[in-house]
Amino acid sequence: MTLLKIEDLGVYFNARGRIVKANNGVDLEIEENEILGLIGETGCGKSILGRAIIGLLSENVEIKGKIIYRRENLLTLSEDKMRQIRGKEIGMMLQNPSTSLNPVLTVGEQIAEVYRYHEGIGKEEARKKAAETFKLVGIDPERMDEYPHQFSGGMKQRVMIAIGLALNPRILIADEPTTGLDYSMKKKIVDLMSELVRSRNMSMLLITHDLEVAKRMCDRIAVMYASELLEIAPVEKILSEPKHPYTQDLLDSLPRRGLKPIPGASPSLTSLPAGCRFHPRCRYKSDECSEKHPEMIEIEAKNHVRCFLYKNDENKG
Amino acid sequence: MLKYILKRLLLVFVVVLGVTVVTFSAMQSAPGDPAEMIAVARYGEDLTQEEIEWVRVTEGLDAPVYIQYLGWLEHVLRLDLGKSLITYEDVLEEILTRFPATLVLTISSLILSLLIALPIGIISAVRKNTIVDNACMTGALLGVSMPNFWLGLLLIWLFALSLGLLPSFGYGSIKHLILPTITLGTSMAAITTRLTRSSMLDVLNQDYIVTAKAKGLDEKTILLKHALKNAMLPVITFVGLQLGFLLGGAVIVETIFAWPGIGRLLVDSIYARDFALIQGCVLFIAVIFALANLAVDILYAYLDPRIRYEKK
Ligand SMILES: Nc1ncnc2c1ncn2[C@@H]1O[C@H](COP(=O)(O)OP(=O)(O)O)[C@@H](O)[C@H]1O
Ligand code: SF4
Ligand SMILES: [Mg+2]
C-alpha cells in the first residue's frame with residue numbers, strides 16, 4: 001500500500017531574480033513499512049524534497065505538483081492542518097544535529113514540549129514520557145537536563161531521532177543522519193534507526209549520500225541528480241545491476257568499487273542543460289540525449305529509469 | 001561562576017583605574033591656570049596674585065601631577081573622594097545625593113526603550129518587508145538620526161510651552177519625569193529596535209527553528225520560546241553597553257531639563273573647574289558603568305548555557 005505519493009513535484013526558488021530549480025518533475029511513492037533511500041550528490045535537491053513533504057520551505061519559493069497523504073494534498077492544506085501532521089504523522093530529523101537543536105533549551109525539554117503540546121499532558125507526565133523516549137534511543141534519562149553543546153555528535157543524533165520518533169509518526173524523514181559520525185557510531189545509529197522504524201511498522205525516507213548506509217537500511221533506492229530522479233529500484237537490484245549510466249558511475253565512485261570519480265561536475269540548478277540533465281557527463285550519450293528530455297519509464301517491475309537507452313516493457317521486441 | 005565573577009571584578013578595577021588616569025591627565029593639559037580659576041570661583045574677579053598662590057599651595061596644585069594623582073588615589077581607596085574645591089562640600093556625599101535622580105531617569109528610560117523596542121523589533125522581524133515592518137523601521141531610523149537635545153527641545157516646545165500639559169524642567173514628580181524619559185528612552189529604543197529585529201531575523205533562519213516547526217509547534221511557541229531567548233542574547237549585551245550611552249545621554253538631557261542628576265553635576269563641575277568634583281563624578285560613572293556591564297555579562301551567562309558551563 002502506498003502511504004505517501006509525490007506527483008510531478010517542482011520546487012523553484014527565486015534567489016535574487018535567478019530561478020533555482022531545486023526539484024523538477026519528481027514522482028515518488030513511499031510504501032507502508034518501507035525504508036526508501038534517496039541518494040545523490042550534495043546540492044542535487046534531496047533535502048529540499050524532504051522539506052517540501054513536511055511543508056517547511058522558505059517563503060521565496062514556488063511549488064508545483066502534488067504530495068498526497070491520506071487522500072489529501074499536503075501542498076494545499078492549511079497551516080493549522082499541517083501542524084497536526086508535522087511530528088504526529090510525519091516526523092523529521094534535519095540534516096546537521098549540531099545546528100538543529102536549540103542551544104538554550106535542555107535536550108529533555110526539547111522532547112517533553114512535544115508531548116505537552118500535542119497530547120495536552122502536564123509537565124511531570126511529559127517529562128516521564130520524554131525519559132522513556134530517551135531510553136528508547138539509548139540516552140541515559142539522567143542527562144535530560146543537559147544542553148545540546150554537552151552532547152557528542154552521536155548523542156545529538158540520538159536526540160534528533162528521539163524528536164523525530166517522539167509522537168510515533170507514520171513516516172520518518174531522516175536527512176543525512178550519519179554525516180560526521182565515525183564508522184562505529186555510524187553503524188550504531190543505522191542499526192538503532194532500522195530497529196525502531198521496523199519494530200513500529202513505520203515508513204522512512206532516508207536521505208543520504210552514503211551508499212553504504214543506504215544499502216544497510218533501505219528496501220528501495222531513488223537516485224537524484226540535478227533536481228530530478230533518474231532511477232528508482234529495489235536495493236539489491238540497484239546494487240547488482242544499476243541501469244542508469246549515472247547510477248553506474250555513482251556506484252563505481254564508491255571506495256569499495258575502485259573510487260572512480262565521475263568526470264565533470266553537476267550542473268548548476270539555475271541553468272540546467274537541455275535534453276538529458278546528465279548528458280554532458282554521460283559516456284553513452286547520443287544526439288537524442290542533448291535534444292530531448294527523457295521521461296521516467298518502468299523498464300521492469302519496480303524499476304524506473306530516466307534514460308533513452310531503455311524502452312518500455314511493451315515496446316521491447 | 002564565582003571565579004569568573006572575581007576575575008571580572010578585577011578587570012573592573014583595572015578599567016576604572018585607567019579611566020581616572022586619563023581624566024587626571026586630560027584636566028592637567030586643559031588650557032588656563034587651575035589655581036586662578038578656582039580662586040576666581042571662590043573670591044570673585046578681583047584677586048591678588050597672593051590669593052592665587054594661596055589656592056595653589058593649599059590645594060596641592062604646585063606638586064608634580066603624579067604626586068597629585070597618587071595622593072588622590074590613596075584617599076579614594078579609603079572611600080574619600082575629597083571635598084569640592086569651591087563649595088567645600090564632601091564630593092562623595094554630593095554625588096550620592098545627586099545619583100538617585102540619574103538612576104530614576106536611567107531606569108525609566110531603559111524600561112521605556114525596551115517596552116518600545118522589543119515588541120516592535122519582534123513584529124518587524126515576523127512581518128519582514130511588509131508595510132508594518134517598513135513603517136517601524138522608518139520610525140526607528142528617524143529616532144536614531146534625531147539628536148537628543150533637538151528632540152528634548154521639541155518636546156518642551158510642544159508639551160510644555162504650546163500645550164502647557166507638562167512641566168518643562170525640574171524634578172520631584174512623575175510629571176517631571178515624563179519628558180526627559182521620552183527624550184532619552186526613545187533615542188535608545190530606536191537602536192534597540194533595529195538590533196532586536198535583525199537578531200530575531202537571524203534566529204528565525206536557524207535550523208533549530210525548522211526543527212521546532214517540524215515538531216508541529218504553533219507560531220507563538222516557536223517565536224516566544226524557541227526564537228526569543230536566542231534573539232535576546234545579542235540584545236542584552238547591547239543594552240548593557242547602552243547603559244554607558246544612557247549615562248552620556250543623561251548629561252545632555254539633564255542639562256536641557258534641569259534634572260539634578262550626576263550628568264548636570266558633572267557639567268557644572270567642569271564649568272567651575274572643580275577638579276575634585278570632576279574626578280569624583282568620572283570615577284563614579286566609570287564604576288557604575290563597569291558594574292552594569294558585569295551584571296549584564298552574568299545575566300548573559302545565565303541565559304546562554306554554552307557560556308554558563310564554560311565559565312563554571
Ligand atoms: N532558500 C533557498 N533559496 C535558493 N536556493 C536554495 C534554497 N534552499 C536550497 N537551495 C538550493 O537548492 C539546491 C538543493 O539543495 P538541497 O536540497 O539542500 O541539496 P542536498 O541534495 O545536498 O540536500 C541547492 O543547490 C541549493 O543551493
Ligand atoms: S539519456 Fe542519454 S545522456 Fe542521458 S543518461 Fe541516458 S544515455 Fe546518458
Ligand atoms: Mg541536504
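Note that this is a predicted model, so its numbers are computed, not measured. (Residues numbered from 1 in each chain as written. Chains lettered and ligands numbered in written order. Predicted model: local features only at pLDDT ≥ 70, side-chain atom pairs only at ≥ 80, totals over all residues. Heavy atoms only, no water.)

## A word on the coordination of the magnesium ion (ligand 3)
Residue and element names in this part refer to chain A.
Next up, step 1: Ligation of the magnesium ion (ligand 3) by protein atoms is provided by Ser47 (OG) and Gln95 (OE1), these donors lying 2.0 to 2.3 Å from the ion. Taken together, the positions of Ser47 in helix H1 (residues 46-53) and Gln95 in the loop between strand S6 (90-93) and helix H3 (97-100) put the pair 48 residues apart, joining distant regions of the chain.
Next up, step 2: Since its relative accessible area comes to 36%, Gln95 is described here as partly exposed. (Donors = N, O, S within 2.8 Å, 3.2 Å for Na, K, Ca; no water. Helix = DSSP H or I, 4+ residues; strand = E, 2+ residues; numbered from the N terminus. Buried < 20%, exposed > 50% of the residue type's maximum accessible area, 1.4 Å probe, protein only.)

## What to know about the side chain of Asn293 of chain B
Next up, step 1: Positionally, Asn293 of chain B belongs in helix H12 (residues 275-303).
Next up, step 2: Ignoring any residue separated from it by four or fewer positions in sequence, one finds Asn293 of chain B in contact with Gly240 and Leu241 of chain B. (Contact = heavy atoms within 4.5 Å.)

## Some thoughts on unusual backbone geometry
Note: most peptide bonds trans; most residues except glycine with negative phi.
Next up, step 1: In this structure, Asn168 of chain A takes a positive phi of about 60 degrees despite not being glycine.
Next up, step 2: Here Asn168 of chain A shows up in the loop between helix H6 (153-165) and strand S7 (171-175).
Next up, step 3: Look at Asn168 of chain A and you get partly exposed, because its relative accessible area is 45%.
Next up, step 4: Phi at Tyr88 of chain B takes a positive value of approximately 65 degrees, unusual for a residue other than glycine.
Next up, step 5: As for its position among the elements, Tyr88 of chain B is in the loop between helix H4 (65-77) and helix H5 (91-126).

## Description of the sheet that holds strand S11 (residues 297-300) of chain A
Residue and element names in this part refer to chain A.
Next up, step 1: The 8 strands lie next to each other as S6-S7-S8-S3-S9-S10-S12-S11, forming an open sheet whose pairing is mixed. Strand pairing shows two members of the sheet lacking a second neighbour, S6 and S11, which therefore form its edges. Neighbour to neighbour, the strand axes of the sheet diverge by 20 degrees on average, direction disregarded.
Next up, step 2: Across 2 bridges, the pairing between strand S10 (residues 228-234) and strand S12 (residues 303-305) is antiparallel. Within S12, the residue paired with Ile232 across the bridge is His304.
Next up, step 3: Across the sheet, H1 touches strand S3 (35-39), S6, S7, strand S8 (203-207) and strand S9 (220-225), and the angle it forms with S8 is around 150 degrees. (Pairing = 2+ DSSP bridges. Axes fitted to C-alpha atoms, helices over the stretch in contact; angles between N-to-C directions.)

## Topic: a nonpolar patch on the surface
Residues and elements named next belong to chain B.
Next up, step 1: On the surface, Phe149, Trp150, Leu153, Leu154, Trp157, Leu158, Leu161, Leu163, Leu165 and Ile252 cluster together into a nonpolar patch covering about 1000 Å² of accessible area.
Next up, step 2: Considering each element in turn, the nonpolar patch owes the most residues, 7 residues, to helix H7 (residues 148-162).
Next up, step 3: Among the secondary structure elements, Leu165 is positioned in the loop between H7 and helix H8 (174-204). (Patch = residues over 30% accessible without salt bridge, like charges linked within 9 Å, V, L, I, M, F, W, Y side chains within 5 Å. Areas by Shrake-Rupley, 256 points an atom, 1.4 Å probe, with all protein chains shown as cover. Salt bridge = Lys/Arg side-chain N within 4 Å of Asp/Glu carboxyl O.)

## Quick notes on the sheet that holds strand S2 (residues 18-31) of chain A
All names here are of chain A.
Next up, step 1: The strand order S2-S1-S4-S5 describes an open sheet built from 4 strands, whose pairing is antiparallel. Of all the strands in the sheet, just S2 and strand S5 (72-73) have a single pairing partner and so form its edges.
Next up, step 2: Strands in contact with H1 are strand S1 (2-15), S2 and strand S4 (61-69); relative to S1, the strand with the most contacts, it is inclined by about 115 degrees.

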